[in-house]
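# An overview of the molecular structure
Chain residues, written in single-letter form:
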Amino acid sequence: MEKKDQKVLDEILESHGCSQTAVIGIMQDIQKVYRYLPEEMLCYMAEKLHLSEAKVYGVATFYENFSLEPKGKYVIKICDGTACHVRQSTAILTEIRSLLGVTEEKPTTEDMMFTVETVSCLGACGLAPVCTVNDVVHPAMTPEKARALIQELKEGLGAGEEAADEN
Amino acid sequence: MKKYMIIDGERIEFTDEKNILAVIRKAGIILPTFCYYSDLSIYGACRMCVVEDQWGGIIASCSTPPKDGMEIRTNTPQLYYHRKRILELLLAAHCRDCTTCEKNGKCKLQELATRFGIPGVRFENTNPIRPIDTSSKAIVRNPNKCILCGDCVRVCSEIQHVGAIDFAHRGSKMEISTAFGRDIADTNCVSCGQCAAVCPTGAITIKRDSHDVWEAIHNPDKRVVVQIAPAVRVAIGEAYGYEPGENTIGKLVASLRKLGVDAIFDTSVGADLTIMEESEELLEALEEKDRKYPLFTSCCPGWIRFVETQYPHMMKYVSTSKSPMEMFGAVIKEYYRKQDKKEGKETVSVAIMPCTAKKFEASREEFKRKGVPDVDYVLTSAEVITMLQEIGIRFDRLEPEAYDMPFSIYSGAGVIFGATGGVTEAAVRRVIADKSPKALKEIEFIGVRGMEGVKVCQFALGERQIRIGIVSGLGNADNLLQKIESGEEHFDFVEVMACPGGCVAGAGQPFARSTEKRMRAEGLYKNDKALQIKRSEENPLVETLYGDLLKNREHELLHVDYMHESD
C-alpha cells in the first residue's frame, strides 16, 4: 500500500474511532474513495481493528454492494426490479453490455472506464425503467437512449481526458 | 425451589443447564446435532435439534434456555418431517463418495443418515465442484463436503484466537473460506488441526503420510526408525476398547514391530534432552537483570507458529531449544549415520505424534540439515490405528513388548510432557536443589497439574520466588500474552500448548471430549509414578549422549533459530 493511501485509510479508521463495530462503515468509506475494497486495505484494517483477515473478508463478501474488484470510472447500474423488469430493462442491459463488450462475469471494460451492474430495485419504480451512472438517475430508459447515453459518456470522457492532458 | 420442564409429557428436573438440549439429554434422548459443541458458542444453524413447544411452534433446542414449567415435545409428525427434509437437503448438497472418504465410518452426516434411514435423495446437487486445498502439511480442506455448521470457524477463532477461516459470501454461495480465498498454507493457520477434530464430515481432514511410510517400510534399503510421543500411549488403545488413560505402549511397540519398522524409541528421551536445555535457558533468563518478559516454552509447533504470525516481536523470548521430537530426530539421524554408510542404507525417521502441527514442524526448513529433514514423516495416532487395521493386527491380543536399545531409557519427567503443565513440572524437578522424594511430591501441589486452561504457580528457587504461567489453548495464550505485554502479569516462565489440555488432547488423537482428555493426562502421571527415573538429569542415557554424540554439537543438534528464517 502506498503512503498516501495509508494516510487516507488511517483517517477513515480514525473517523470511526478504530472500532470493530464500524467495520461496515469503514468499508463504505473506503469504497467511496477507491470505488472498490483493495485487498491490502482490508488486511490493514483487520490488523488495526484486531479482527482476523478472514472475518473482514467475510463481511466484505456478504454484502452485494461491496466490491473486491476495481471498478470503472463510470459505474452504470441497471435496475432489474419488478417494475423495471416488466418495462423491458433486460433489453437495455443487453444493449449496454454489448456496446461496452462486458458480461455478467466480467463487468468492467479493459480500459477501466465502465462497470455495468444490475441492481434489484433503485426505489424509483415510477420512473421505470431506470439506470444510474455514478448515482445520477436516468429515467424511462430505452435501448436507443442507452446508446446515446454511452456515446455521451464516451465523448465527455475524451474531452475530459484532453483537458487533463492540457493541464 | 426445584425447577422442572415437561419433556414429552414427563417431568424433568433441571438446574443450571444452559439450553434445553442439555435437559433433553438428561431425559435420555439424544437429539441429532451437527453444529452443537458444548465448548463452543451456540450457533443454531443446523436445525436438527428442533423441538415443538406446547403451541406447536418449532424452536432450536440448542439455542433456547430452559424455563420452569416449559413444555416441549421432541417427537411429533412435524419434527419428523423437518429433520428428515433437512438431512435430505444436506445430503443433496454433499458429495457422497463415502466409501473412499477419509471420514468413512466416523462421519456425523453418515451416522445421522443411518439413524434416520434416509432411503434416497430426490434432489440434484447444483453446487459447482470446488477445488480441494491440499496446501497445508497438516490438514486437507474439501469444500464439497462442507455442511456449513461453522464448528471449524468457531474453534479457530473462539478457542484458538487464530481466525484463519470464516464464512464468506452469502446464501447459496456461502462457503467457509480463508481471507481472499488464499491457500490455507498462506494464512496464519497454525496447523493445530482442531478444526479437523470438530468437523462432523470430511470437509476438513488430517493429511495422511502413511502411504510414504508404507513405501519406506517396504523398501529393504531403508531403515525405518520410529519415535513415539508420550501422549500417544494413553489414547491409542481407545480404538481397541481400552479406557482412555490406559498405558498401552507395550502393545503399540509390539504392533509396530509387526508392521515392519526397524527400531522403536520413545520421544520421552527427546523430552529429557529438552528439559536439560530449556532449564539451562531458564536459569540464564533468571540471571538477566532487565529481562522484561518470561522465557516461553518451545515444544509446541502450533504455539511457535502463533507467535510468529501474531506476536513476532515476542519470538526472541521463546526458548531456542528444539521440541523433543526434533531433538530426538537429530539424535536418531546422527546415531545411524555411520551404520547407514557401512550397510548402504538410508535411515527414515518417523515420529508418531498426537499432533497435526508436528507434520508442519517436520517440514520446516529450520529442521533440515543439508536439505534432509531430521524427521521425515509424522504419523498421528489416528493414522497409526488405520495402518494397523490395514494389516489386520489385533492390538488387544498382542503381548506387550519393550523398546529397542539404545534409546529405551527415559524419565517420568519426559513422559508427563504430554499433559498441560508437564513441561513445567519436569523443568521444576530439574532446577530445584532439593532432590528428595518429599520435594518431588511437593511439586505436584504447586498448581502445575489439572486440565484448566490457565494455571499460575510459584515455587522458591534459592531466595527467589519463581512465577510460572501454564496455558493450553491458544486463545488462553493470547489473553495471557496481552496481560504480560500490558504489565498486568509478570512471569519468569510460561508454558504454552496450543491444544486445550495439552498434547493428550491433540488433533491427531482419537476423538475425545473433556472427560477422556482428563483421563489421558491422569494416565501419563500414573506412568510417571511407575518409572524409577523421575528427573531428566538422572537419565543415564542423557549423560551418555552429552558425553558422546552431542559433544560440542549441542547448539547444532538441540537448538533452533526461528528468527533467522523470518529475517
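Counting from 1, residues in each chain are numbered in the order their sequence is written. The order in which chains are written sets their letters, starting at A; the order in which ligands are written sets their numbers, starting at 1. pLDDT decides what is reported in this predicted model: residues at 70 or higher carry local features, side-chain atom pairs at 80 or more are listed and counted, and totals for whole chains, interfaces and linings draw on all residues regardless.

### Observations concerning the overall build of chain A
The helix and strand labels rest on DSSP assignments: H or I over at least four residues marks a helix, E over at least two residues marks a strand, and numbering proceeds from the N terminus. Broken down by element type, chain A carries 7 helices and 4 strands. Sequence-ordered secondary structure for chain A, helices as α and strands as β, is α-α-α-α-β-α-α-β-β-β-α. Seen through its C-alpha atoms, chain A measures out along the principal axes to roughly 50 × 45 × 25 Å. Per-residue burial over chain A gives 27% buried out of 167 residues. Note on burial: count the other C-beta atoms lying within 10 Å of the residue's C-beta; 20 or more is buried, 12 or fewer is exposed, in between is partly exposed, and C-beta positions come from the backbone.

### Structural notes on helix α2 (residues 23-34) of chain A
To estimate the expected span of a helix, subtract one from its residue number and multiply by 1.5 Å. The end-to-end C-alpha distance of α2 of chain A is 16 Å, a good match for the 16 Å that 12 residues give at a rise of 1.5 Å each. Backbone geometry just after α2 of chain A places Arg35 of chain A at a positive phi near 65°.

### Description of the sheet that holds strand β5 (residues 71-73) of chain B
Residues and elements named next belong to chain B. Strand pairing requires that DSSP identify at least two bridges connecting the strands. Reading across from one edge, β2-β1-β5-β3-β4 is the order of the 5 strands in this open sheet, with mixed pairing throughout. The open sheet has two edge strands, β2 (10-14) and β4 (58-60), and neither has a second partner. On average, each strand axis in the sheet is tilted by 40° relative to the strand beside it, whichever way the strands run. Each axis is a line fitted through C-alpha atoms, taken for helices only over the stretch in contact, and angles between the N-to-C directions span 0 to 180 degrees.

### Points about the interface of chain A and chain B
Each residue gets a C-beta atom placed from its backbone, and two residues are in contact if those atoms lie within 7 Å. Listed as interface residues are 9 residues of chain A and, on the opposing side, 13 residues of chain B. By residue number, the principal contributor to the side of chain A that touches chain B is helix α4 (residues 53-62) of chain A, which donates 7 residues. Think of it as three bins: nonpolar holds Ala, Val, Leu, Ile, Met, Phe, Trp, Tyr, Cys and Pro, charged holds Asp, Glu, Lys and Arg, and polar takes everything else, Gly as well. For the side of chain A that touches chain B, a count of residues per class yields 3 nonpolar, 3 polar and 3 charged.

### Digging into the domain arrangement of chain B
What fixes the domain bounds is an automatic or database domain assignment. Domain annotation of chain B identifies domain 1 (3-89), domain 2 (130-206) and domain 3 (211-566). Here the C-alpha centroids of domain 1 of chain B and domain 3 of chain B sit 42 Å apart.

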